[in-house]
Amino acid sequence: MSSFPYLTVTIAAPLVGVAGIALLPKGTGARSKQIALGASLLTLVLSIVDAVKFDVGGPRFQLNESYTWISQFHINYSVGVDGIALVLILMTTVLTPVVILASWHDDKDRPRPFFSLLLVLEVMMVGVFAATDVFLFYVLFEGLLIPAYFLIGSYGRSGEQKRSYAAVKFLLYNLLGGLLMLAAVIGLYVVAERSVADPFSFQALANAVSSGTLHFSTGVERWLFLGFFIAFAVKAPLWPFHTWLPDAASEATPGTAVLLVGVLDKIGTFGMLRFCLELFPNASHWFTPAVLVLAVISTVYGALLAIGQTDMKRLIAYTSISHFGLITLGVFAWTARGQVGASLYMVNHGLATGALFLLAGFMIRRRGSAEIEAYGGVQKVAPLLAGTFLLAGLSSLALPGMSPFVSEFLVLVGTFEKYPVAAIIGVTSIVLAAVYILWLYQRTMTGPVAESVSNFKDLNRRELAAVVPLLALILVLGFAPGILTKYINPAVTQSTTQITVAPPHTVADAARAAGSQR
Amino acid sequence: MTPSYAPVAATGTFALTAWVILLPLAGAAILLIGGRRTNRWGHLLGCAAAIGSFVLGAVLFFALLAKPGAQRSYDQHVYTWIPVPGFTADVGFHLDQLSIVFVLLITGVGSLIHIYSVAYMEHDENRRKFFCYLNLFLAAMLVLVLADNYLLLYAGWEGVGLASYLLIGFWQHKPSAAVAAKKAFIVNRVGDVGLSIAVMLMYTTFGSFAFGPVLNGASSAKVGTMTAIGLLLLLGACGKSAQFPLQSWLLDAMEGPTPVSALIHAATMVTAGVYLIVRSNAIFDVSPNARLVVTIIGAITLMFGAIIGCAKDDIKKALAGSTMSQIGYMILAAGLGPIGYVFAIMHLITHGFFKAGLFLGAGSVMHGMNDDVNMRHYGALRKFMPWTYVTFGLGYLAIIGVPPFSGYWSKDKIIEAAFAQGGTSGWILGCAALLGALVTAFYMTRVVLMTFFGQKRWVPDAEGHEPHPHESPWIMVVPMVVLAVGSVAAGFLFSYHNAFVNWLSPVTGFSEGHSPINTAVLQVVTLVVVALGIGYAYLGYGLQQAPSTPPLGSFATRAARQDLYGDAFNELVFMRGGQYLTRVLVYFDMKGVDGVVNGVSAGLGGSSGRLRKLQSGFVRSYALSMFGGATLLIVALLLVRG
């Protein structure tokens, strides 16, 4: 346990902003934005401090804190991070100030609640990645829905009916997933309580599972797996649980959509990697073929649907469904390459899709329509907007030199080692990605200038300040992904060693062994 | 015998290798980030980066030359790109006889085309951007040929695809250019699927995708796997090098500015597929089946492109058909194995000279003719553009293979090697190559006659300006002259004392082919065939004037004008079929997947309309239910423990 509660301070930092906003005198509500930006930047700095404090050669979970919460049930407020949780927290703390900056005028003249909700959401997002207590994780996992629901339902696109439909759909879907998880959490407690002293501590559970102290009967393990998995598959929507995402993402403000798709959905894939695989390894193996099928369908289906969209934000939402398919593929490939790739992919997707959503939002704000048909020839009048949009698009189609390429290739190669057919089908998505991105670019940006965009202003300083850091990070991480894999690698190797079934022995390992003997 | 791959660490002069790439990369970065502030001098910076890179390339070449043949192989490790357990992807460069040849071609022709573009793009408001993209292209192409592993090669491969996309679509306000750019990228990505799966298969087979383990391990690996890798690499090559069945993008790519067509879509990028196959010689040496498919693709494409070249009235598209066809020759040669690798590369280099020269000549003609590309509107230009005429003429003599010009040396060797393959396939391939030579002579003579000879058929452009053909400024003429010198002399120099064969064979291996036909006889036959092609074109386009509006033509002509229906096929199957598929899926997603969801929720909680009415109250209760969930959990736990 570290002497200073680094993580708790990071998690709570945005609340300083919330308090600041609440204390603002009447009539100065507009200052909320500056306060929110300041608080989120403070959180970013604190999370960087966490990363510096994290010893990559050290134990898997670090910066641990644990305080008794409900002692009767061994429920603790326990937080701690491994490398994967750490980089996801960093992604969250990078995206939040960017989103606040980009959402400067999206508050519908109700700045106090809007920016407070964003900050509260950040608290919960950071918290959910940091939670090492299963109960705490569940509470935050569900709690997130409240600020997210209000951000979608009360702000976002005009047209009350569709917006609340999208918000309710989001809520119902996730609530249903959450209920299944709730049942599984209870079930897990019932079984674990007999043999594990700390039945809600993730580390205690994982250790007990790997050492054999905690043993599930086959049926129980599979049901528990399903409870967690379906909750996560709804969150990081996998086909066929995906239909809430395009609605929610297109009705929400662009900033909310970034947090929704970029961060919230990652809790799903993060949860699969941490909870499903490590707590229920046998069931995970048993379900792997089925999950791979869903992942492959999502990958291709999401890409095809993206091609068929006429609304920019829906299009981007469907590309994300395709990318979540690939991430899931990497998680369930059971290879270090696949899992490092999947973890990296979660971060890179957040950055790339974040930039794409924000830029689409800037365009929609200018034109007042998300219909692709409403645009044309934008590059002539707003070259910076078009150029940054193209860069964001190219990163989304995983062009080498941009960070998503690294993660996509790792996921595919990691999958190919074990499941070549799934990987080969997954690879075809690189063609579909080129189609949906470049066709979108062609229709909106090139050709003769459409009359409706002829008075477009190019990106202003605030908008540039929001997207340039994302694009810069994408490029830096494209050339030097080692900055993140340094943290992710040990987390993956330490966790794969805990999966005792079917050692990650691959053809490549054998070939390398043969090569070293030669 | 496949030569072994055993580089040593690059020190001293050889450590300059990375700088060959860094110069144009820095140029591109400065021009991109500097934006409008660099408008005034951006083109000069672009040229300086290209020339600087060429000078470094030359220094490296002479340093290699000073070493004995077996010691001309160097590896420069720059940094570990993707550090992941059991997977090392490095940024590292490999300098040897093969890569340096490409470095000189890319930076040499590249520099000339940078210089030419200074004048060609002078009146374009985005000239700085153009040089930025050209520099980016150079950097990516150099990564492609200098990479010491297949993953980095793949990065360069996609990088040149990006540069090609940006440059084909340089005039983005033209819908045709934007569509052509997108098409080029997407078709290339189909090929990239092959290349990326090949890289994965290398990884699972050899535990690595670095050249060393792959190339040295190929001979002891399973033949079936090597065939699979070979065919996947071929798929990649087909995309990048516009080989059948992924050829359709190249003709559309002519929408780009002409210097781009010369550099990327004639001399360098489109030959990357040939590089890929020759570099992977160890893999193809093991698999005769993969090689056979390579030769078949090459033979089909060399005929395909040549036929298209015969029917096009657009001078750039006629030349593009020709490029496709000439790369078909190279792919054919590469598929022949050790008897052909060297000649594939030799033809690639001579082709780089004469085809870049021909394209620059075409650009010069367009410059003088109000950017008209229709050869039916040309005629008699030799009197007005003497330099262009002479340099274009020398390129023409080189491409049709008249001795002693460059093409004669390199193409004849390929024809000989094709016959030397032996057996029925040898005869078929040899005859295809011969027939290709005939058609090449025909369509190139047609281009020259229609452009430079006969009577003026000039027509005013859309705004009514009469063309006033004039010679281009010296800054455009000089690169054309230099390339013409290459078109004249390169073939002879390469063949002098077998210089090129001796230079490359340590990398590619070489074995003398034994043609079933006497070499001298074959050479005579080739020349006769070429003469026939010239004569036939003279009958059609020399003795009589080409009409200003194209005649209907035979079925074959019409088919060739339509690119032999390659696009009609794409349109029908991929565009229409794809649109139909996505529309059906969108409908299915809305009515099927989502419909079920809405149906279930309606069944559970009443109609969705009622839900909406309830929603304000519902949310408040949800906030409760949230904590209710936690409460429920506690209650459940209590019961469990009770």
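Residues numbered from 1 in each chain as written. Chains lettered and ligands numbered in written order. Predicted model: local features only at pLDDT ≥ 70, side-chain atom pairs only at ≥ 80, totals over all residues. Heavy atoms only, no water.

Visitor: How should I be thinking about the confidence of the model for chain B in this particular structure?
Guide: Low pLDDT marks regions whose predicted coordinates should not be analysed in detail. Residues and elements named next belong to chain B. For chain B, per-residue confidence averages 88 on the pLDDT scale, and residues scoring 70 or more make up 93% of the total. Of all secondary-structure elements in chain B, the lowest mean pLDDT belongs to helix α24 (residues 608-641), at 52, while helix α11 (residues 272-279) reaches the highest, 96. The ipTM value of the predicted complex is 0.91, and its pTM value is 0.91. (pLDDT = per-residue confidence, 0-100. Helix = DSSP H or I, 4+ residues; strand = E, 2+ residues; numbered from the N terminus.)

Visitor: Got a minute to help me understand the UniProt feature "domain: NADH:ubiquinone oxidoreductase chain 4 N-terminal" (unreviewed entry) in chain A in this structure?
Guide: Here, UniProt's "domain: NADH:ubiquinone oxidoreductase chain 4 N-terminal" (unreviewed entry) annotation points to residues 68-126 of chain A. For residues 68-126 of chain A, the helix share is 61%, the strand share is 17%, and the end-to-end C-alpha distance is 20 Å. (UniProt positions renumbered as here; feature names shortened; annotations may be inferred.)

Visitor: Would you mind going over the pairing of strand β2 (residues 74-84) of chain B with me for this structure?
Guide: Every other side chain in a regular strand lies on the same face of the sheet, so the side chains alternate between the two faces. All names here are of chain B. Of the pairings in the sheet, the one linking strand β1 (residues 8-9) to β2 comprises 2 bridges and is parallel in character. Considered in β2, the bridge of A9 is made with D75. Here 9 bridges tie β2 to strand β3 (residues 87-95), and the two strands are oriented antiparallel to one another. Residue pairing across strands places D75 opposite H94, the latter belonging to β3. Here β2 hands over to β3 after 2 residues, with G86 in that stretch at a positive phi of 75 degrees. (Pairing = 2+ DSSP bridges.)

Visitor: What should I look at first to understand the packing of aromatic side chains in this one?
Guide: In this description, an aromatic ring pair is defined by two values, namely the gap between the centres and the angle between the planes. Per the counting criterion, the structure on display carries 61 aromatic pairs over all chains. Taking 5.7 Å as the distance between ring centres and 20 degrees as the angle between the ring planes, the aromatic pair formed by B:Y116 and B:Y120 counts as stacked. Taken together, the residues B:Y116 and B:Y120, both in helix α3 (residues 97-120) and 4 residues apart, mark about one turn of the helix. Accessibility expressed as a relative area gives 0% for B:Y116, which makes it buried. Through successive ring pairs, a cluster of aromatic residues spans A:F61, A:F137, A:F141, A:F202, A:F216, A:F228, A:F232, A:F275 and A:F280. It is A:K235 that lies over the ring of A:F141; its NZ or CZ is 4.4 Å from the centre. A cation sits over an aromatic face here: A:R443 above A:W439, 3.7 Å from the ring centre. (Phe/Tyr/Trp six-rings, centres within 6.5 Å; stacked < 30°, edge-to-face > 60°. Buried < 20%, exposed > 50% of the residue type's maximum accessible area, 1.4 Å probe, protein only. Lys NZ or Arg CZ within 6 Å of the ring centre and 35° of its normal.)

Visitor: So what exactly am I meant to see when it comes to the sheet that holds β1(B) here?
Guide: Residue and element names in this part refer to chain B. Within the open sheet, the 3 strands sit side by side as β1-β2-β3. Their pairing is mixed. In this open sheet, the two strands that pair with only one neighbour each are β1 and β3. Relative to the sheet, helix α1 (residues 17-34) contacts β2 and β3, its axis offset from that of β3 by approximately 95 degrees. (Contact = heavy atoms within 4.5 Å. Axes fitted to C-alpha atoms, helices over the stretch in contact; angles between N-to-C directions.)

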